[in-house]
Amino acid sequence: MPLARSLSMTSLNGLPQWEDEDLPVEDLLLFEVSWEVTNKVGGIYTVIQTKAKTTADEWGENYFLVGPYFEQNVKTQVEACEPANPAVKKAMDTMKSQGCQVFFGRWLIEGSPYVLLFDIGSAAWNLDRWKGEFWDVSNIGIPFHDREANDAVIFGSLTAWFLKEFDDKPNIIAHFHEWQAGVGLILSRSRKLPVATIFTTHATLLGRYLCAASIDFYNNLDQFDIDKEAGERQIYHRYCMERASVHCAHVFTTVSQITAVEAEHMLKRNPDVVTPNGLNIKKFSAMHEFQNLHSMYKARIQEFIRGHFYGHLDFSLEKTLFFFIAGRYEFSNKGADMFLEALSRLNFLLRVHKTDVTVVVFFIMPAKTNNFNVETLKGQAVRKPCLPFLHFLYTTDNKGEIPDLNKILDRDDITIMKRAIFSTQRHCLPPVTTHNMIDDGNDPILNTIRRIGLFNNRTDRVKVIVHPEFLSSTSPLLPLDYEEFVRGCHLGVFPSYYEPWGYTPAECTVMGIPSVTTNLSGFGCFMQEHVADPAAYGIYIVDRRFRSPDESCNQLTQFLYRFCQQSRRQRIIQRNRTERLSDLLDWRYLGRYYMHARHLALSRTFPDKFEMEPCAPPKTEGFRYPRPSSVPPSPSASQHSSPHHSEGEEEDEDERYDEDEEAERDRQNIKSPFSLGALPQGKNKQHGEYRN
């Protein structure tokens, strides 16, 4: 589902248009191959799903997604139909006649692209033969016990077989994502098929493994013995599949500059094009709509908090901020270790300064559980008996009459109310986790919480709630979808150490929610290129590249503490600014990089038919947002000489802010359209910076 944002006088719709010659798509076929087509495994699913509409608008009926067939996914996501293209139908019929199950239909997402799905199980009897053929062309052996790699060989062999069934016309572009689809690319090139190939790595295999092992990865990029490291982790065959795919492709792309540097060292090839990830953005007609959604879903989260902290709700919900971290449960890679340490320091600062602000932090990271926590379910149950009394008082007030106190409650009502009040008495602390964890003694998040002592005590100004499941609107605890939950929070915190792109902070930005990211994530680097002062626009970037872990943790703590110091007015202003960055992340803008990659692949594969001026790929520096000159987004930039300033001073600060005027100034500061001039060759080769 597309994420929604507002469109008003404040939206930056003057983005520079990238001028490139249109490809004759009517004479071309584009196949995009990935293991995550209709099959959600990770972030690549989001990339393909959100990009589909923009690509389908450009290519129409000549755009096809290729993936594996899983019955449970197809039943709910795909509408079966017959291919209209005769060449595609002929290739499918040939494969079906030889015993392969091939399914065709439309993926029921925005853009409704065609999907072509291969049944891996029906072709598994060819596995040994295809593994032998793959060995003959690449000298890469696949162990029998690696189910995922074996499935990749079957999937790649079917893909190459399908592409082989086409004649010289029409010309074909095949775009492969990640190593699971790479076998098809390797076989296509070894058989010299007339196909323009593109390979995109969203994260290198070895990079993810090394970072998960708490190795100082970025400071030692040029020091690793790649073959040795891959062999020790028993992924050498997968690494070879990935590296061979990279070097066989006509065009190699990756999703960010930080991953481009990583790929240069891990895979030994510089990317030809950097293709940042975007989102398919739906626009509201009113600018203030996303602020209304924030208020509405914040109230829903507050209802959950009332139940979860029953008996200990001695803090004001109106002065409570909701922070969250979400994503795969990769404790170090996702920065959960640093976040917890920063929360401990933030708790100390808030207690020392005797602030009345309370921070409730959610960890939305799926882990193995066996059921809901009984104490958590009880919390949601004990608050419900009080709701009828609140509803009665509300309807009485609406009559415009002062109620008779003797008629408001009879003896039975008073008895029920007393029972409800007595039931809220609690003799234990509010639970840290909403579920029963299967192995909580070895859980890294829970062990860290035990070490730093964040047990939701009354004196703690930072409360922690671990929700080890993805959010769902059907949950009996927190009945919100992920998008609704994000809209109701105040800040998303994602201090990742290894994050090739980072969809979670991007989704926050589109919804007008400030977020914390790092300069080791693709999203953080992208924002640093485009925004002069990211913090003013609600994008806080922690330096994890050139600072020690302790210094980075202190910086994160300061970001969180300063955010807690903001007034409600300042948070509203900052959300307006954050939401204005949405245009940067729209596929209608970022799709140009994929267009460039496809044109480049055609010119290299069919130089006699497609010509392209020798130039560098479009740079991600089309324009740059200046620092806003109005009300500072954080008290850090507007410290008063006295500890207690007057309310009049705060009002004067607010009067300096004009949303429409500031948005117009942003529009006027957009730089000229992209220059396709030569990119400085030394840009990606500053290895010395990693040794700082």
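Refer to the structure presented above.
Please read these numbers as outputs of a predicted model, since none were measured by experiment.

Reading guide: rules and limits
Residues numbered from 1 in each chain as written. Predicted model: local features only at pLDDT ≥ 70, side-chain atom pairs only at ≥ 80, totals over all residues. Heavy atoms only, no water. Axes fitted to C-alpha atoms, helices over the stretch in contact; angles between N-to-C directions. Helix = DSSP H or I, 4+ residues; strand = E, 2+ residues; numbered from the N terminus. Parallel < 35°, antiparallel > 145°, perpendicular 65-115°, else oblique. Contact = heavy atoms within 4.5 Å. Nonpolar A, V, L, I, M, F, W, Y, C, P; charged D, E, K, R; others polar. Phe/Tyr/Trp six-rings, centres within 6.5 Å; stacked < 30°, edge-to-face > 60°. Buried < 20%, exposed > 50% of the residue type's maximum accessible area, 1.4 Å probe, protein only. Salt bridge = Lys/Arg side-chain N within 4 Å of Asp/Glu carboxyl O. Pairing = 2+ DSSP bridges. Right-handed = clockwise from strand over helix to strand, strands pointing away.

Participant: What exactly am I supposed to notice about the packing of helix α1 (residues 43-59) against helix α23 (residues 587-605) here?
Facilitator: The packing of two helices is summarised by the inter-axis angle and the distance between the axes. Taken N-terminus to C-terminus, the directions of α1 and α23 make an angle of 75°; their axes are 10 Å apart at the nearest point. Comparing the axis directions of α1 and α23 gives the class roughly perpendicular. Of α23, the residues touching α1 (which contributes Val47, Thr50, Lys51, Thr54, Thr55, Glu58 and Trp59) are Trp587, Arg588, Tyr594, Met595 and Arg598. Of the residues assigned to the contact of α1 with α23, the class counts are five nonpolar, three polar and four charged.

Participant: Could you clarify how one ought to interpret the packing of aromatic side chains in this entry?
Facilitator: Geometrically, a pair of aromatic rings is defined through the distance of the ring centres and the angle of the planes. Going through the model one piece at a time under the given rule, you end up with 33 aromatic pairs. Measuring from centroid to centroid gives 5.8 Å for tyrosine 45 and tryptophan 107, while their planes differ by 65°, and the two rings are edge-to-face. One end of the pair, tyrosine 45, is in helix α1; the other, tryptophan 107, is in strand β5 (residues 102-107), and 62 residues separate them in sequence. A single burial state applies to tyrosine 45 and to tryptophan 107, both of which are buried.

Participant: Please clarify how the pattern of salt bridges should be interpreted in this entry.
Facilitator: Any two side chains of opposite charge can pair, on the condition that their charged atoms come close. Under the defined criterion, the tally for this structure stands at 31 salt bridges. Lysine 89 is the salt-bridge partner of aspartate 93, the closest N and O atoms lying 3.9 Å from each other. With aspartate 93 and lysine 89 both in helix α3 (residues 86-97) and four residues apart, the pair spans about one turn of that helix. Take aspartate 93: its relative accessible area is 37%, and that puts it in the partly exposed class. Taken together, the shared-partner salt bridges connect Glu341, Arg345, Arg451 and Asp550 into one network.

Participant: Just checking my understanding: could you explain the pairing of strand β9 (residues 251-254) for this structure?
Facilitator: Neither face of β9 is open: one carries Val251 and Thr253, the other Phe252 and Thr254, and all of them are buried. Bridge count between β9 and strand β10 (residues 273-274): two bridges; the pairing is parallel. Across the sheet, threonine 254 pairs through a bridge with valine 274, a residue of β10. The parallel pair β9 and β10 is bridged by helix α10 (residues 257-266), and the resulting crossover is right-handed.

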